[in-house]
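Chain by chain, the residues run as shown.
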Amino acid sequence: MRARLLIIASAIGMLGWGAVLPYQYAYAAEIRGWGTLLAAAASSLFSIGALVAAPIAGRLADRVNPVTVAVVAQLLGAAGVASLIVIDEPFAFLAGMFVFGLGLAAAVPAKQVLVLRWSSGDDRRKVFAYKFTGESLGMAAGAFFAGQIVDLSTPNGLDIGFAIAAAGFVVSSLLIAIAGRGASAHEEIAFDANAPRAEGTGVVRAILSTPALRWTVVVTITLALGFYAQFEAGLPAYGLTVLDIDASAIGIAAAVNCIVIVALQVVMVRLTAKRDAATLLMAVGMIWVVSWTVLSFAQFAPGIASALFVMTYGIFAVGETIYSPVLNPLTAQLAPRGMVGQTLGTISALQTAFSAAGPLVAGLLLGAGLADVFLGMHLVISMIAVFAAWRIKKALAVRPPVPPLEERYERANPPTAPLTIA
């Protein structure tokens, strides 16, 4: 029951992403008349807020009740985005966007820790998959509803989007608080017996000293750069400027991406349940390679370029259904004892930092007419992801077998309640 409430809460909490971020650039630059530089700075500050918050929140989630961390973070995000309703000054808008990003990102590692606590080894991938699917639906729903009622012709036209975001955070926080009632505040999460212990070891040093975890960071960054960093800006820009597709095709592609995730997620979890995480991450990297290859071919087939563009988003979605339930459990399994939240938060921050650079790189390359370089670079990045996942597989193969999560939990906490709290 707790895991179900967390999934629902995560979906509702992502309403704000869809209700605000697709529209804030035009709102700030054109409707408010603050210019493109400030609008871009708002997006950057949102990402910087996320970059600052994730590792700090991860560290807190290891030391205090992660329910408290998630709730406080989301309420902080609600305050930040709600303040945008009454803000009329550009620099105050930047501050509000920073707090919005900080609150949204700070809740992520805490909720990941809660998934690990509130699910057993048998269904952990499934819970992560459902959580990802719920968040995708939440973002899509927020974008859809905001798109119907946002009026970007008036200075107050995005207020309803800000209100949706704030309300989503508040309701999500309430559900997480309800789910956490009666749960242990300091339950130990499973650790890798071969990884460094937390005492006297910083999380970055611990990551660097663990080969499998080190390569997990590389996989995380490259898979993020290979798709997520370009989802909202680079890929649409390529479609519009190079493939000359209609703007409606971008909306269709995003919808197809979401539909494929919803349709395949449960099936994919069942099909991959017995596969090791490293092999599955190799498959995701290969799917990214196929996606960029199809997209590269589209410029030579203008008659079907729109169809190939939409197909690319669908192919990416197949990889997402594998990626989402695998990466976080693997990271948690490899994390040092007592540093699960910190490890998840630090890797999330790195992912955010590199992803934030994606639109800038796309803008520079596509603006300079270097579409082939744009495509080739992402093909290479995706191939690096495949190689890094293979290195994870090799690193795990030479290590002593790691006991199952529940067995390690019981050794660390004898004799307490089972890991599953439902």
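As a reminder, the structure under discussion sits directly above these lines.
In short, a report on the structure. (Residues numbered from 1 in each chain as written. Predicted model: local features only at pLDDT ≥ 70, side-chain atom pairs only at ≥ 80, totals over all residues. Heavy atoms only, no water.)

### Overview of the packing of helix H5 (residues 90-117) against helix H7 (residues 159-179)
At step 1: Two elements in contact, H5 and H7, have axes separated by 13 Å at closest approach and are oriented at 25 degrees. Between H5 and H7, the angle falls in the class roughly parallel. Handedness of the crossing formed by H5 with H7: left-handed. In contact with Phe 93, Phe 100, Leu 104, Lys 111 and Leu 114 of H5, H7 contributes Phe 162, Phe 169 and Ile 176.
At step 2: Classifying every residue of the contact of H5 with H7 by side-chain character gives seven nonpolar, no polar and one charged. (Axes fitted to C-alpha atoms, helices over the stretch in contact; angles between N-to-C directions. Helix = DSSP H or I, 4+ residues; strand = E, 2+ residues; numbered from the N terminus. Parallel < 35°, antiparallel > 145°, perpendicular 65-115°, else oblique. Left-handed = near helix turned anticlockwise from the far one by under 90°. Contact = heavy atoms within 4.5 Å. Nonpolar A, V, L, I, M, F, W, Y, C, P; charged D, E, K, R; others polar.)

### Here's the deal with helix H13 (residues 305-334)
At step 1: With 30 residues, H13 ought to run about 44 Å at 1.5 Å a step, and its terminal C-alpha atoms sit 42 Å apart, in line with that.
At step 2: At Tyr 323, H13 shows its largest kink, close to 35 degrees, and the proline Pro 325 lies no more than four residues downstream.
At step 3: In terms of residue burial, H13 counts as a mostly covered element, since 25 of its 30 residues are buried. (Expected span 1.5 Å × (residues − 1). Bend = angle between axes of the 7 residues up to and from the residue. Buried < 20%, exposed > 50% of the residue type's maximum accessible area, 1.4 Å probe, protein only.)

### Re the pattern of salt bridges
At step 1: Summed over all chains, the structure comprises three salt bridges.
At step 2: For Asp 88, the salt bridge goes to Arg 32, with nearest N and O atoms at 3.2 Å. Of this pair, Asp 88 sits in the loop between helix H4 (66-83) and H5 while Arg 32 sits in the loop between helix H2 (15-31) and helix H3 (36-63); the two residues are 56 residues apart in sequence, bridging distant segments of the chain.
At step 3: Overall, Arg 32 belongs to the buried group, its relative accessible area being 17%.
At step 4: Among the ionic pairs, Glu 135 bridges to Lys 131, the shortest N-O distance being 2.9 Å. Separated by four residues within a single helix, Glu 135 and Lys 131 lie in helix H6 (residues 124-149), roughly one turn from each other.
At step 5: Note on Lys 131: relative accessible area 7%, which makes it buried. (Salt bridge = Lys/Arg side-chain N within 4 Å of Asp/Glu carboxyl O.)

### Section: the side chain of Asp 159
At step 1: Tracing the backbone through its elements, the reader meets Asp 159 in helix H7.
At step 2: Of the side chains with opposite charge, Arg 32 comes closest to the buried, unpaired Asp 159, at an N-O distance of 5.3 Å.
At step 3: Residue contacts for Asp 159: discarding those within four places in its chain leaves Leu 84 and Ile 85. (Lys, Arg positive; Asp, Glu negative; His and termini not counted.)

### Some thoughts on the packing of aromatic side chains
At step 1: Under the counting rule described, the total for this entry stands at 20 aromatic pairs.
At step 2: For the ring pair Trp 288 and Phe 316, a centre distance of 5.2 Å and an interplane angle of 85 degrees mean the geometry is edge-to-face. Taken together, the positions of Trp 288 in helix H12 (residues 277-298) and Phe 316 in helix H13 put the pair 28 residues apart, joining distant regions of the chain. Of the two residues, Trp 288 and Phe 316, both sit in the buried class.
At step 3: Aromatic side chains Trp 292 and Phe 316 sit 6.0 Å apart centroid to centroid with 80 degrees between the ring planes, which places their arrangement in the edge-to-face category. Of the two residues, Trp 292 sits in helix H12 while Phe 316 sits in helix H13, which places them 24 residues apart along the sequence. Accessibility classification places Trp 292 together with Phe 316 in one group, the buried group.
At step 4: A connected cluster of aromatic rings, assembled from ring pairs, spans Phe 227, Tyr 228, Phe 231, Tyr 238, Trp 288, Trp 292, Phe 309, Tyr 313, Phe 316, Tyr 323 and Phe 374. (Phe/Tyr/Trp six-rings, centres within 6.5 Å; stacked < 30°, edge-to-face > 60°.)

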